[in-house]
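Listed below, chain by chain, are the residues.
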Amino acid sequence: MSSDCLFCKIVAGEIPVEFVYESDTVVAFRDISPQAPTHVLVIPRKHIATINDIAPEDEAVIGHMYTAAKEIAAAEGIAEDGYRTVMNCNEGAGQSVFHIHLHVLGGRPMTWPPG
Ligand code: DGP
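Conventions used here
Residues numbered from 1 in each chain as written. Predicted model: local features only at pLDDT ≥ 70, side-chain atom pairs only at ≥ 80, totals over all residues. Heavy atoms only, no water. Near = heavy atom within 4 Å. Polar contact = N/O pair within 3.5 Å; in protein donor to acceptor, adjacent residues only side chain to side chain. Areas by Shrake-Rupley, 256 points an atom, 1.4 Å probe, with all protein chains shown as cover. Helix = DSSP H or I, 4+ residues; strand = E, 2+ residues; numbered from the N terminus. Nonpolar A, V, L, I, M, F, W, Y, C, P; charged D, E, K, R; others polar. Contact = heavy atoms within 4.5 Å. Pairing = 2+ DSSP bridges. Axes fitted to C-alpha atoms, helices over the stretch in contact; angles between N-to-C directions. Buried < 20%, exposed > 50% of the residue type's maximum accessible area, 1.4 Å probe, protein only.

J.: Summarise the site of the ligand; cite the residues concerned and give the values.
T.: Arg30, Asp31, Gly94, Ser96 and His103 are the nearest of the 14 residues found near the ligand. Contact between the ligand and Arg30: a nitrogen atom at 2.8 Å from a main-chain N or O atom of the residue. Here an oxygen atom of the ligand and a side-chain polar atom of His101 are 2.9 Å apart. Expressed as a share of its isolated accessible area of 510 Å², the protein-covered part of the ligand is 82%. Looking at the shell around the ligand, the elements that each hand over two or more residues are helix 1 (6–11) and strand 2 (26–30). Looking at the shell around the ligand residue by residue, the classes come out as six nonpolar, six polar and two charged.

So, in structure tokens, the structure goes:
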């Protein structure tokens with residue numbers, strides 16, 4: 001845990017958030033500023049600041065973030081129409097919280113390329 005990390009505080013229950021999914025290594029909750037009708041963030045319980053900080057021993061939890069995303073998409077009813085998963089890395093890509101998180105966005109048509 002990083003004591004000054006917002007998402008570590010959410011994992012620790014210091015900031016009350018309703019989890020839409022949780023397991024031993026991952027939790028998920030709705031984005032405070034949703035960019036689509038469904039906008040969920042899947043995060044590891046372990047503090048990993050950016051994609052650049054992912055270590056070989058994190059590979060299982062990174063994979064689990066996607067199986068969680070798949071289950072969340074099914075539960076949200078967006079799996080068949082389609083949804084987007086995004087993980088921004090560093091400021092230039094729009095990362096604002098430095099604890100990795102997989103955005104799960106759906107419920108509206110998506111355009112490409114992203115902005
Ligand atoms: P990114 O820009 O990729 O680092 O995404 C960070 C997201 O985190 C952003 O979409 C807004 C969301 N967010 C920031 N603070 C909070 C919070 O306190 N609660 C929740 N639920 N979401 C937050």
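J.: Talk me through the environment of Val86; I want residue IDs and the actual numbers.
T.: With respect to the helices, strands and loops of the structure, Val86 is situated in strand 4 (residues 83–86). Along the sequence, Val86 and Val97 sit 11 residues apart, while their C-alpha atoms lie 14 Å from each other. If sequence neighbours within four positions are ignored, Val86 has contacts with His101, Leu102, His103 and Leu105.

J.: I'd like a description of the sheet that holds strand 4, backed by residues and values.
T.: If you walk across this open sheet you meet the five strands as 1-2-3-5-4, and the pairing is antiparallel. Of all the strands in the sheet, just strand 1 (19–22) and strand 4 have a single pairing partner and so form its edges. Strand-to-strand twist of the sheet, defined as the mean angle between neighbouring strand axes without regard to direction, takes the value 20°. One ladder, built from five bridges, connects strand 2 with strand 3 (residues 38–44); its direction is antiparallel. Paired with Val26 across the bridge in strand 3 is Pro44. Strands in contact with helix 2 (residues 59–76) are strand 1, strand 2, strand 3, strand 4 and strand 5 (102–106); relative to strand 3, the strand with the most contacts, it is inclined by about 155°.

J.: A description of the side chain of Asp58 should follow, citing residues and the corresponding values.
T.: For Asp58, the location among the structural elements is in the loop between strand 3 and helix 2. Look at Asp58 and you get buried, because its relative accessible area is 3%. Setting aside anything within four residues of it in sequence, one finds Asp58 in contact with Lys46, Ile48 and Asp53.

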